[in-house]
Every structure is written in C-alpha cells, then in structure tokens.
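Spelled out from the first residue to the last, the chains are:
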Amino acid sequence: MAVEIPSLIKPSKLRSRGGLLGECLAEFLGTFVLICFGCGVVAMAVAALPGSGRAATPTTIFLAAGDWLLITWGWAMAVVFGVYVAGGVSGAHINPAVTLAMAVRRGFPWAKVLPYWFAQLVGAFTGAALVYLVYHQAIGAYDAAASGPKVNGHTNATFSIFATFPAEYFHGGIWGPLIDQIVGTAFLVMFVVAVIDLRNQAVQSNLTPLIIGFIVAAIGMSFGANAGYAINPARDFGPRLLTYAEGWGSLAFPGSVAGVFSGYWWIPIVGPLVGGVIGVLVYDLFIGDVLVARIAQNETPEPGRARPEPPR
C-alpha cells in the first residue's frame, strides 16, 4: 500500500531525506507529538478543566490520585504515538538520554548524536509552542484567578504544564532531585532495551510503542511526584525555553521559586543523560552478557532454566 502513495515532493529532490536528514525530521515530528500530547494533558488538568467549569473552582487541581493518573496515562499515550510516528525511520529515540545510551552500548553512530539531540530539542520546543497556542486563554484565566507568588503574572502551577520542578520536601537540595532523575531514566532505558532485545523476550506484532508507553506510565506512577519525572532532557528543556520566551522568567531560567528551589534547570538534563547510560549498562551487565554467553555456548534454555532440558 505504501508504495502506491505518491510523494509530496519529487523523488529527485528527496534523496537527502533518505539519510540523516530524514531521521532528524522523524525525531523532530516524534518529539513534537510527544510534547503536544504530554504537555497537552497537563494543560487539561491544570488550566483547562478548572477554567472550563469542570472542576470545583477555577483553581482546583490535584485533589486526588486520579488527577495524577490522568497525567501519567496522558504522557504514556504521548510516548506511544510519538514512537509510532517516528519509529520506522529513526528508531524513535525522541529522548537525548536514549540516543546517548544507544551510542554508548548499541552501536548508534556518534556522528548522529548531536543532530538527533538538536531535532529532539526543536521538536519539543515546537510542540510546547502549539500547546501554548491552544491553551493560552485557559492558562491566562488560571493565572489571573490564582493567588500566591507570581512572576510576570504567571504561576508555578501553569509553568508545570511545560517543564518540571522538585517537590518542596527537598528544601532546595540538589542531590534528591538529581538522584530521582538518574533513577527514573535508568529504569526507562533499561526497560526499553529489554523490550527491543531480540535475544530476550522482545515484544512482537508492532506492540513495542505501546509497551514503552506502559513503561513511562509506570515510572510516572512510582517515581513521578519527586520532580515531575522529566526523564528526557529535550522534553524539559525545549518547553522550558518556550516558557522563558513567554514570560515565566525565573521560573524557567534559572528555574527558581523563592524559598523552595533555585537553579534547577540543569538537573532534568544531566540526570537523565547519566541515568540512561546507567540503565543500559545495568541491563547488559545482568542480562545482555548472560544472553551473549548462552549464544556462545550454543545453548537456548527456556526462561528460568539454568540448562537446556536433557533429551528423553
């Protein structure tokens, strides 16, 4: 069916898209989809539902765990469709931490790392811009109705639609949120390399994007509240740039709320990059090396068995 669909541009002008440029375009679009639906669901929970009269008051958010589940499943679906969109062309990293991990341990060319990162960042910024275009009236209504500290009329609550910040119980400390981001991203990459590993129990029938979405949902449910589970430098930094441009000021850069945290902007970048590498190394140490050893021994025991079952 695909070969019957004509190109929008003449094939003679598409040759460059067959290589790295095409992969970067796919990473851009996949990350764009991720942010549109991920930040979009937070905009729904924080501003649109309260402002549209579908909550108790115009500023009522997060009264129960169900509110958090809305966001975790929304981000999960955002990942699913981002991966479905880009997977066939670029592998749908849509996350600089995944790209780095694949270069460290999966033979992904190092020459493609920076172009992928750039495409992911631009896709994230553009996705955040679209969410702001669609929801800026709801965001403005929430900010106007909310009480408490504001920066240029904006609240930290509406900033959370786009980027992340640490919980108050860290008291402005660096190590708690940084460890949180390392751990969350390590699990993300560990699970991703597990479900795509053909030597292991790889997901079949093109269900890999759905399972990756479940991974993100699980991380959000189990590790999300500490620091908003960015687990993706582009996912945080791109929308953070958008909020800075639209007036959130110090909430975006350097990422500060007086008396709560300061200079936070770099943690959702460094933490995920470190965590992603740790995740792929842990998987290979505990699982990948075992699979290599079994292949070398020409043994394929059933899962859970130490040795192949002897012939009867």
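Structure shown above.
Described in the following lines is the structure provided in the data block. The model shown is predicted, which means the values in this text are computed figures rather than measured ones.

This brings us to the packing of helix H3 (residues 96-105) against helix H6 (residues 175-195). The geometry of H3 relative to H6 is characterised by a closest axis approach of 11 Å and an angle of 60° between their N-to-C directions. Considered as vectors, H3 and H6 are oriented oblique to each other. Between H3 and H6 lies a crossing of right-handed hand. Touching Ala97, Val98, Ala101 and Met102 of H3 are Thr185, Val189, Val192 and Val193, all from H6. The residue inventory of the contact of H3 with H6, partitioned by class, reads seven nonpolar, one polar and no charged.

Core analysis: the largest hydrophobic core is formed by 61 residues, its most contacted members being Trp75, Ile139, Ile161 and Phe162. Sort the elements by how many residues they give to this core and helix H1 (residues 20-51) lands first, with 12 residues. When near neighbours in sequence (up to four residues on either side) are disregarded, Ile161 contacts Cys39, Val42, Ala43, Val46, Ala47 and Ile139. Counting seven residues, the second largest nonpolar core, distinct from the first, contains Val260, Phe261, Tyr264 and Ile267.

This brings us to unusual backbone geometry. A cis amide bond links Phe253 to the next residue, Pro254, at an omega of 10°. Here Pro254 lies in the loop between helix H8 (233-245) and helix H9 (267-296). Positive phi values are uncommon outside glycine, yet His171 reaches one of about 55°. Here His171 is to be found in the loop between helix H5 (156-159) and H6.

Take a nonpolar patch on the surface next. A cluster of nonpolar side chains, contributed by Leu69, Trp73, Met77, Phe81, Tyr84, Leu207, Phe214 and Met221, occupies part of the molecular surface with about 710 Å² of accessible area. Broken down by secondary-structure element, the contributors of at least two residues to the nonpolar patch are helix H2 (65-90) and helix H7 (208-223). Take the nonpolar patch: its biggest share by element is five residues, from H2. Position of Phe81 among the secondary structure elements: in helix H2.

Following the sequence through the fold, Cys24 ends up in helix H1. Of the residues examined, Cys24 reaches a relative accessible area of 13% and is grouped as buried. Sequence-wise, Cys24 and Lys150 are 126 residues apart; in three dimensions their C-alpha atoms are separated by 38 Å. Those residues in contact with Cys24 that sit more than four places away from it in its chain are Pro115, Tyr116 and Ala119.

Evaluated as defined, the whole model comprises five salt bridges. Arg105 is the salt-bridge partner of Asp284, the closest N and O atoms lying 2.7 Å from each other. Of the two residues, Asp284 sits in helix H9 while Arg105 sits in helix H3, which places them 179 residues apart along the sequence. The buried category is assigned to Asp284, whose relative accessible area is 5%. Arg105 sits in the partly exposed class, given a relative accessible area of 39%. For Asp284, the salt bridge is made with Arg106, and the minimal N-O distance between the two is 2.8 Å. Residue Asp284 is found in helix H9, and its partner Arg106 is found in the loop between H3 and helix H4 (113-145); the two are separated by 178 residues along the sequence. Each of Arg105, Arg106 and Asp284 takes part in a single network of salt bridges with overlapping partners.

What follows concerns the packing of H1 against H4. Packing of H1 against H4 brings their axes to within 7 Å, and their N-to-C directions diverge by 25°. By the angle between their directions, the pair H1 and H4 is classed as roughly parallel. Once H1 is placed against H4, the crossing between them reads as right-handed. Taken together, the residues of the contact of H1 with H4 break down into 24 nonpolar, six polar and two charged.

Bringing the side chain of Thr243 into the picture now. When you line up the elements, Thr243 lands in helix H8. According to the relative accessible area criterion, Thr243 is buried, its value standing at 0%. In this structure the side chain of Thr243 is engaged in a polar contact, spanning 2.7 Å, whose partner is the backbone oxygen of Arg240. Those residues in contact with Thr243, other than ones at most four positions away along the chain, are Phe159, Phe162, Trp248, Gly249 and Ala252.

What counts and how
- Residues numbered from 1 in each chain as written.
- Predicted model: local features only at pLDDT ≥ 70, side-chain atom pairs only at ≥ 80, totals over all residues.
- Heavy atoms only, no water.
- Axes fitted to C-alpha atoms, helices over the stretch in contact; angles between N-to-C directions.
- Helix = DSSP H or I, 4+ residues; strand = E, 2+ residues; numbered from the N terminus.
- Parallel < 35°, antiparallel > 145°, perpendicular 65-115°, else oblique.
- Left-handed = near helix turned anticlockwise from the far one by under 90°.
- Contact = heavy atoms within 4.5 Å.
- Nonpolar A, V, L, I, M, F, W, Y, C, P; charged D, E, K, R; others polar.
- Core = buried A, V, L, I, M, F, W, Y, C linked by side-chain atoms within 4.5 Å.
- Buried < 20%, exposed > 50% of the residue type's maximum accessible area, 1.4 Å probe, protein only.
- Patch = residues over 30% accessible without salt bridge, like charges linked within 9 Å, V, L, I, M, F, W, Y side chains within 5 Å.
- Areas by Shrake-Rupley, 256 points an atom, 1.4 Å probe, with all protein chains shown as cover.
- Salt bridge = Lys/Arg side-chain N within 4 Å of Asp/Glu carboxyl O.
- Polar contact = N/O pair within 3.5 Å; in protein donor to acceptor, adjacent residues only side chain to side chain.

Purely spatial values, then, with no claim about function.
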